[in-house]
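Next come the chains, spelled out residue by residue.
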Amino acid sequence: MKEAHWMDIRSGRQKGMSYVKLGRKYHMDLRTAKQYTELPQKPEYTISEPRPCLKNGGMPNGERYFRQSRQIFAGGLTPGKKI
């Protein structure tokens, strides 16, 4: 998020705009707008490491996991099989 948007959200709230109006104006959820107005400083975001659960078993990313799980579970509930 740009610092200018964060400052605009805070100043809009101080002028009396509702969280719903702020959310619509800046294309965000009203709870996110509320969170930004209550923060004392601009939020900092960092990129985290990939989740280890996808790396177990040689899965480097979610796309490959999805493709492989579709192959494994394809036909899992066909009409001829009993549950």
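Position numbers for residues count from 1 along each chain, tracking the sequence in the order it is written. For this predicted model, a pLDDT threshold of at least 70 governs which residues receive local features, and a threshold of 80 or more governs which side-chain atom pairs are given and counted, while totals over whole chains, interfaces and linings are taken from all residues. The basis for the side-chain values is all heavy atoms of the structure; hydrogens and waters are excluded.

## Things to note about the packing of aromatic side chains
Thought 1: The pairing test for Phe, Tyr and Trp rings, Trp by its six-membered ring, is centres within 6.5 Å, and the orientation test on the planes gives stacked under 30 degrees, edge-to-face over 60, and tilted for anything in between. Overall, the coordinates contain 0 aromatic pairs when judged by the stated rule.
Thought 2: Over the aromatic face of Tyr-19 sits the side chain of Arg-13, whose NZ or CZ is 4.0 Å from the ring centroid. Lysine NZ or arginine CZ positioned within 6 Å of the ring centre and within 35 degrees of the ring normal marks a charge as sitting over the ring.

## Some details on the pattern of salt bridges
Thought 1: Each reported salt bridge corresponds to a side-chain nitrogen of Lys or Arg within 4 Å of a carboxyl oxygen of Asp or Glu. What the rule picks out here adds up to 1 salt bridge.
Thought 2: Residue Arg-31 is joined to Asp-29 by a salt bridge in which the shortest nitrogen-to-oxygen separation is 2.8 Å.
Thought 3: Exposure classes here rest on a 1.4 Å probe applied to the protein chains alone. A residue is buried below 20% of its type maximum, exposed above 50%, and partly exposed in between. Among the residues examined, Arg-31 registers a relative accessible area of 61% and is labelled exposed.
Thought 4: By relative accessible area, Asp-29 is classed as partly exposed at 36%.

## What about the side chain of Thr-37?
Thought 1: Considering the arrangement of structural elements, one finds Thr-37 in helix H3 (residues 30-38).
Thought 2: You can call Thr-37 buried: its relative accessible area is 13%.
Thought 3: The contact criterion used is simple: two residues touch if any of their non-hydrogen atoms lie within 4.5 Å. Residues in contact with Thr-37, not counting those within four places in the same chain, are Ile-9, Arg-10, Arg-13, Tyr-19 and Leu-22. Numbering of helices and strands runs from the N terminus; a helix is a DSSP stretch of H or I covering at least four residues, while a strand is a stretch of E covering at least two.

## Some details on the packing of helix H1 (residues 3-14) against H3
Thought 1: Relative to each other, H1 and H3 sit at 90 degrees, their axes nearing to 9 Å. Taken together, the axes of H1 and H3 are roughly perpendicular relative to one another. Across the interface between the two elements, Trp-6, Ile-9, Arg-10 and Arg-13 of H1 pack against Ala-33, Tyr-36, Thr-37 and Glu-38 of H3.
Thought 2: Looking at the contact of H1 with H3 residue by residue, the classes come out as 4 nonpolar, 1 polar and 3 charged. Axis lines are fitted through C-alpha atoms, for helices just across the contact stretch, and the angle between N-to-C directions can take any value from 0 to 180 degrees. Oblique is the label for any angle not under 35 degrees, not over 145, and not in the 65 to 115 range, which are roughly parallel, roughly antiparallel and roughly perpendicular in turn. Only Asp, Glu, Lys and Arg are considered charged in this grouping, and only Ala, Val, Leu, Ile, Met, Phe, Trp, Tyr, Cys and Pro are considered nonpolar; every other residue, Gly among them, is considered polar.

## Section: H1
Thought 1: For a helix, the expected span equals 1.5 Å multiplied by the residue count minus one. Between its first and last C-alpha, H1 extends 17 Å over 12 residues, near the 16 Å set by a 1.5 Å rise per residue.
Thought 2: Those residues of H1 that fall on the buried side of the exposure criterion are Trp-6, Ile-9 and Gly-12. Angularly, the buried residues of H1 cover 130 degrees about the axis, an arc narrow enough to put them on a single face.
Thought 3: Packing partners of the buried residues in H1 comprise helix H2 (19-25) and H3.
Thought 4: Two residues or fewer after H1 comes Gly-16, characterised by a positive phi angle close to 105 degrees. This arc is built from the directions going out from the helix axis to the C-beta atoms.

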